[in-house]
Amino acid sequence: MKRSQLLIPILASIMLLVTSCSSVKVATDYDDALDFNQYQSFAFYKPGIDKAEISDLDKKRILRAIETELTKQGFAKSSNPDMLISIFTKTNTNVDIYRNNFGYGYGWGWTPYYWRGAGRETVSTSTEGTLYIDLIDAQKKELVWQGMGTGVLSQDREAKIERINEIVMKIMEKYPPNKTK
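Rules behind the numbers
- Sequence order as written defines residue numbering, which begins from 1 separately in each chain.
- Under the rules for a predicted model, residues below a pLDDT of 70 receive no local features and side-chain atom pairs below 80 are neither given nor counted, while totals for whole chains, interfaces and linings still include all residues.
- As a rule here, side-chain values cover all heavy atoms of the structure and leave hydrogens and water aside.
- In DSSP terms, a helix is any run of H or I states spanning at least four residues, a strand is any run of E spanning at least two, and both are numbered starting from the N terminus.
- Each residue is placed in one exposure class: buried if its accessible area under a 1.4 Å probe, protein chains only, is under 20% of its type's maximum, exposed if it is over 50%, and partly exposed if it falls in between.
- Note on definitions: a residue-residue contact is assigned when non-hydrogen atoms from the two residues lie within 4.5 Å.
- Of the two site types, the cavity is a set of points on a 1 Å grid over the protein atoms alone where a 1.4 Å probe fits but cannot get out, and the pocket is an open set with protein on both sides within 12 Å along at least five of seven lines, each lined by residues with an atom within 4 Å of a point.
- Grid points are joined across faces, edges and corners, and a volume is the space filled by probe spheres set on the points.
- Residue polarity is assigned by list, with Asp, Glu, Lys and Arg as charged and Ala, Val, Leu, Ile, Met, Phe, Trp, Tyr, Cys and Pro as nonpolar; anything else, Gly included, falls into the polar class.
- In this analysis, a patch consists of residues with relative accessible area above 30% that form no salt bridge, clustered at 9 Å for like charges and at 5 Å for the nonpolar side chains Val, Leu, Ile, Met, Phe, Trp and Tyr.
- For every accessible area listed, the method is Shrake-Rupley and the probe measures 1.4 Å; residues are considered covered only by the protein chains on display.
- By definition, a salt bridge exists where a carboxyl oxygen of Asp or Glu is found within 4 Å of a side-chain nitrogen of Lys or Arg.
- Where helices are involved, their axes are fitted lines through C-alpha atoms of the stretch in contact, as for all axes, and angles between N-to-C directions lie from 0 to 180°.
- Convention used here: angles under 35 degrees read as roughly parallel, angles over 145 as roughly antiparallel, angles from 65 to 115 as roughly perpendicular, and any remaining angle as oblique.
- Here a crossing is called left-handed whenever its near helix is offset anticlockwise from the far helix by less than a right angle, and right-handed whenever the offset is clockwise.
- In short, DSSP must find at least two bridges between two strands for them to pair.
- Per-residue confidence from the predictor is reported as pLDDT, a score between 0 and 100.
- Ring pairs shown here join Phe, Tyr and Trp side chains whose ring centres sit within 6.5 Å, with only the six-membered ring taken for Trp; geometry is labelled stacked below 30 degrees between planes, edge-to-face above 60, and tilted in between.
- Expected helix span is computed as 1.5 Å times (number of residues minus one).
- Directions drawn from the helix axis to the C-beta atoms are what define this arc.

(A) Just the side chain of Ser-86, in detail. Of note, Ser-86 is situated in strand E4 (residues 83-100). A relative accessible area of 7% places Ser-86 in the buried class. Those residues in contact with Ser-86 that lie beyond four places of it in its chain are Tyr-45, Gly-48, Ile-49, Tyr-132, Ile-133, Asp-134 and Ile-136.

(B) Region of the structure containing the layout of surface pockets. By volume, the largest pocket amounts to about 290 Å³. Lining the largest pocket are 17 residues, with Ile-54, Asp-58, Thr-91, Leu-153 and Ile-164 positioned closest to its centre. Elements with a minimum of two residues in the lining of the largest pocket: helix H3 (56-72), E4, strand E5 (120-137), strand E6 (142-153) and helix H4 (157-172). For the lining of the largest pocket, the element with the most residues is E5, which contributes four residues. Residue classes in the lining of the largest pocket are distributed as six nonpolar, eight polar and three charged.

(C) Broad picture of a nonpolar patch on the surface. A cluster of nonpolar side chains, namely Val-95, Ile-97 and Val-123, defines an oily patch on the protein surface of about 300 Å² accessible area. Within the secondary structure, Val-95 sits in strand E4.

(D) Molecular detail of the packing of H3 against H4. Relative orientation of the contacting elements H3 and H4 amounts to 40°, with a least axis distance of 9 Å. In terms of orientation, H3 and H4 fall into the oblique class. Between H3 and H4 the crossing geometry is right-handed. Here Asp-58, Arg-61, Ile-62, Ala-65, Ile-66, Glu-69 and Leu-70 of H3 lie close against H4, whose contacting residues are Arg-157, Lys-160, Ile-161, Ile-164, Asn-165, Val-168, Met-169 and Met-172.

(E) Representation of the pairing of strand E2 (residues 41-44) in the model. Of the two faces of E2, both are covered, the one formed by Ser-41 and Ala-43 as well as the one formed by Phe-42 and Phe-44. As paired elements, E2 and strand E3 (residues 76-77) share two bridges and run parallel to each other. Within the sheet, the bridge partner assigned to Ser-41 lies in E3 and is Ala-76.

(F) Broad picture of the side chain of Thr-89. Mapping Thr-89 onto the fold places it in strand E4. With sequence-adjacent residues up to four places away left out, Thr-89 is seen in contact with Glu-53, Ile-54, Thr-130 and Leu-131.

(G) The arrangement of the confidence of the model for the protein chain in detail. With 74% of its residues at a pLDDT of at least 70, the protein chain reaches an overall mean of 82. When mean pLDDT is compared element by element in the protein chain, E2 scores highest at 98, while helix H1 (residues 2-20) scores lowest at 46. Of the regions scoring below 50 in pLDDT, residues 6-20 engages in seven contacts with residues more than four places distant in sequence or in other chains.

(H) Spatial organisation of the packing of aromatic side chains. Going through the model one piece at a time under the given rule, you end up with seven aromatic pairs. Between Phe-75 and Tyr-175, the aromatic rings sit 5.8 Å apart at their centres with planes inclined by 45°, giving tilted as the arrangement. Taken together, the residues Phe-75 in the loop between H3 and E3 and Tyr-175 in the segment after H4 connect sequence positions 100 residues apart. Judged by relative accessible area, which is 4%, Phe-75 ranks as buried. Where Trp-145 meets Tyr-175, the ring centres are 5.2 Å apart and the plane angle is 75°; that geometry is what we call edge-to-face. You can see Trp-145 sitting in strand E6 and its partner Tyr-175 sitting in the segment after H4, a full 30 residues away along the chain. Pair check on accessibility: Trp-145 and Tyr-175 agree, each one buried.

(I) Spatial organisation of H4. Over its 16 residues, H4 runs 23 Å from end to end, which matches the ideal 22 Å to within 8%, given 1.5 Å per residue. Looking only at H4, the buried set comprises Arg-163, Ile-164, Ile-167, Val-168, Ile-171 and Met-172. Across the axial projection of H4, the buried residues extend over an arc of 155°, all falling on one side.

Structure follows, in structure tokens:
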């Protein structure tokens, strides 16, 4: 009995850790009347990127990752592009509270007062970031595609770089929406 009482909080902590490091959630929206095969080149839209509320280092990391993913798909960076790319970000702080009421007691009675639990609480916080990648028709200056990726962020430099690359890759896997290229 004591072994199971000790095992439950440990398993709950492991589950909390695993779920807090969950994968990237991605969503996209686009103009479904548009033929995305017409876009062959891109450039970054500096006025939009400058408004993103993240460090310049993280902006550079995101832009490099976007450029890498688009280049893999056959797009060319150009001074006279078909599409412009802008980004913006949002962050949320999540607070997770796990309450463990397992413990000793007198047994189950008619009222909850008969059970006296040891009661332990575990509190953890994590920062969840959302990256939006906007693809804008360069000639019409209209948004034609938007990708959004959400994932837990890290303060560790190497983990942050890896996470940025993962989020961008997962978003750009959804572009173009009609993959006939």
